[in-house]
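# Summary of the model geometry
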Amino acid sequence: MLSLKSITWATSLIIVIMAGLYAILGLPPGLDTYYATLYFHSIGVGIAALATYLVISIFNLQKYEPPIDFPISYRAFAAVVFAAAGGIFYLSPILDASFPDIPLGLYVVAFILIGDVGGALFVQLAIMPRKQAGTYKPKMKAFPPRMWPQYVLRMIPKRKEFSLYAKAGAGYWLALLSVGSAFIAGMIGFANLWMMIFGVGIFSFLVPFFGDAGTFVGALAGPHSHEMGLAIMAGVVALVAHRFKVLDVKGLRRNVADIGLWISSIGIVAITVVMVLEAVINFAPPVLFQGGPDGVNGMAGDDTVMVITALGAMIALIPLALAKLGGKSSWKDGVRLTLLGTWVAAVINSVLEGFYIEFHEDVFGSTMSANHDVFANVNPMFGIFTLAALALVLLAVDYYQVGGMLRRVTGWLAGVGLIVATLGTSLWAFVDPTIGGFSYWLYILGVMIIGVSALTAVGIMYKAKIRRIARSEG
């Protein structure tokens, strides 16, 4: 009924609309940050769904997914619709007051659906090498209760199938680990929402690690958002490597890309472990290179672990920029160049600027506290999620292979917007932290240009010609 292409451009459009409504209308003054955080998930669920479509498309999972009536992509799109509907309620004080429980209910449905998508996508990726080799063929057509353990255990590969995973490649493993990490981050977020609604309940045994229930509930938000953002960006790296076919060539470029992708894989596993420990037992990695008054300066331990993933991505960036598709190097194509540029912008915003602030915390915690506040707000909104959304939209444009003037316009608009917004965030956080100043409006201008490029990208996807995918499951 619905093609992947259709729900990809529709989801991209919904992301742009919900982001635009947030920026233009803002949240009503009577609503606190709880509602602001929930509204943002109208955009966040869309980003997760867009990543899901691209995993399915680029790894050709649609060919191997069981022929069910409500496939993974449909569930992801349903989550987007429910989350967007919930967000509309929070933008209207009248609607929110008239129907106080409906928007939260819509979000809960969206979260359940997107959580189910994350788990199902992980399972499909995990068994994909065996499906491709024809060794995964469950013989049961009906599943009586006594047979379920046998069916579940069949998902674990046998010893003779290990070689299939050894040959799957670094790109596959980074994609699988990123999806798994995103699923875990989603479960942390769902637990956080559950406790905000119903109290700590069955999780009360973890409260002593945090001191009190309020601190425990509040502490879950950070690991959820940071791990989710990093997992999606790491997934983009894996998808780009697969899409650009950099692992299909031989020689130095492939070796460098392999090294970068494996480093990112190690990083995503490490940060997942750290984030889970932070959420469960209030684990705090040691601060490195401490200095300044009372040791306030230094690299935060969890941020240091995150850098491993970024380091791998930057190593892989070089062979990806030189990779040729259709006889044209990636760096000569505006869409692909800007796509790779989102990684550079993320490193500038989150790594270079973030560590600079951490090494000068004595200043940014006192005389430059206003600058610190700006960075604390801009970094997750732009440095993580806006860049992740832009990267996914551009990757979708490249995947559907529509050329011509509209593609060139999209690539260069996105590139200009990326440069302007990155420059604006840097100046706003480090030079003039006032709202309404030149730096502030430069950042807004850059984001607006990015938004326009996303709309032209939607037009490209809408125009794309596609072919039907035959299912081989059976």
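Residues numbered from 1 in each chain as written. Predicted model: local features only at pLDDT ≥ 70, side-chain atom pairs only at ≥ 80, totals over all residues. Heavy atoms only, no water.

With that out of the way, let us pick up the overall build of the protein. Looking only at helices and strands, the protein has 17 helices and four strands in total. Computed over its C-alpha atoms, the radius of gyration of the protein comes to 22 Å, within 12% of the 23 Å expected for a compact globule of 474 residues. Overall, the C-alpha framework of the protein stretches about 65 × 55 × 50 Å when taken along its three principal axes. Looking at the 474 residues of the protein, the share that counts as buried comes to 51%. The long-range share in the protein, meaning contacts at least 24 apart out of those at least 6 apart in sequence, stands at 78%. Counting every atom, the protein has about 22,000 Å² of accessible surface; 69% of that belongs to carbon and sulfur. (Helix = DSSP H or I, 4+ residues; strand = E, 2+ residues; numbered from the N terminus. Rg over C-alpha atoms; globule rule 2.2 N^0.38 Å. Buried < 20%, exposed > 50% of the residue type's maximum accessible area, 1.4 Å probe, protein only. Contact = heavy atoms within 4.5 Å. Areas by Shrake-Rupley, 256 points an atom, 1.4 Å probe, with all protein chains shown as cover.)

As a further point, take the environment of Pro-285. On the secondary structure map, Pro-285 appears in the loop between helix H11 (252-281) and strand S1 (288-291). Judged by relative accessible area, which is 15%, Pro-285 ranks as buried. When the C-alpha positions of Pro-285 and Val-305 are compared, they lie 9.2 Å apart, and in sequence the two are 20 residues distant.

A word on the environment of Val-217. Considering the arrangement of structural elements, one finds Val-217 in helix H9 (residues 213-219). A sequence separation of 26 residues divides Val-217 from Ala-191, and the C-alpha atoms of the two residues are 8.8 Å apart. Sequence-distant contacts of Val-217, that is, excluding residues within four places in its chain, are made with Asn-192, Met-195, Met-196 and Val-200.

Trans peptide bonds make up the majority, and among non-glycine residues the majority have a negative phi. Not every positive phi belongs to a glycine, and Asn-60 is a case in point at roughly 55 degrees. Position of Asn-60 among the secondary structure elements: in the loop between helix H2 (33-58) and helix H3 (72-91). Residues other than glycine seldom take positive phi values, yet Phe-289 does so here, at roughly 55 degrees. Along the chain, the position of Phe-289 falls in strand S1. Accessibility expressed as a relative area gives 61% for Phe-289, which makes it exposed.

The subject of this paragraph is a positive patch on the surface. A surface patch of positive charge is lined by Arg-253, Lys-324, Lys-328, Lys-332 and Arg-408. Residue position: Lys-332 is located in the loop between strand S4 (328-329) and helix H13 (334-359). (Patch = residues over 30% accessible without salt bridge, like charges linked within 9 Å, V, L, I, M, F, W, Y side chains within 5 Å. Salt bridge = Lys/Arg side-chain N within 4 Å of Asp/Glu carboxyl O. Lys, Arg positive; Asp, Glu negative; His and termini not counted. Charge placed at Lys NZ, Arg CZ, Asp CG, Glu CD.)

Among the nonpolar cores identified, the biggest contains 124 residues, and Tyr-53, Phe-59, Leu-125, Val-240, Leu-320 and Trp-343 are the most heavily contacted of them. Considering each element in turn, this core owes the most residues, 17 residues, to helix H15 (residues 369-399). When near neighbours in sequence (up to four residues on either side) are disregarded, Leu-320 contacts Val-240, Ala-241, Phe-244, Val-246, Ser-330, Leu-340 and Trp-343. Formed by eleven residues, the second largest nonpolar core is a distinct cluster that contains Leu-206, Phe-216, Val-217 and Leu-220. (Core = buried A, V, L, I, M, F, W, Y, C linked by side-chain atoms within 4.5 Å.)

The next subject is the side chain of Arg-336. Relative to the assigned elements, Arg-336 resides in helix H13. When near neighbours in sequence (up to four residues on either side) are disregarded, Arg-336 contacts Arg-243, Phe-244, Leu-325, Lys-328, Ser-330, Asp-398 and Arg-407.

Next up on the list: a nonpolar patch on the surface. Taken together, the side chains of Phe-209, Val-269, Val-273, Leu-277, Val-280, Ile-281 and Phe-283 present a nonpolar region at the surface, about 510 Å² in accessible area. As for its placement among the helices and strands, Val-269 is situated in helix H11. The exposure class assigned to Val-269 is partly exposed, which follows from its relative accessible area of 39%.

Moving on to the packing of aromatic side chains. Using the criterion set out here, one finds 18 aromatic pairs in the structure. Considering the side-chain rings of Tyr-90 and Tyr-107, the 5.7 Å spacing of their centres and the 15 degrees angle between planes classify their relative orientation as stacked. Within this pair, whereas Tyr-90 is found in helix H3, its partner Tyr-107 is found in helix H5 (residues 102-133), the two being separated by 17 residues in sequence. The burial state of Tyr-90 is the same as that of Tyr-107; both residues are buried. Judged by centre distance (5.6 Å) and plane angle (75 degrees), the ring pair of Tyr-172 and Trp-173 falls under edge-to-face. The partly exposed category is assigned to Trp-173, whose relative accessible area is 26%. Through a chain of ring-to-ring contacts, the aromatic side chains of Phe-382, Trp-428, Tyr-440, Trp-441 and Tyr-443 assemble into a single cluster. Positioned above the aromatic ring of Tyr-462, the side-chain terminus of Lys-5 is 5.9 Å from the ring centre. Over the ring of Phe-244 we find Arg-336; its NZ or CZ atom is 5.9 Å from the centre of that ring. (Phe/Tyr/Trp six-rings, centres within 6.5 Å; stacked < 30°, edge-to-face > 60°. Lys NZ or Arg CZ within 6 Å of the ring centre and 35° of its normal.)

Such coordinate-based values are descriptive only and should not be taken to indicate function.
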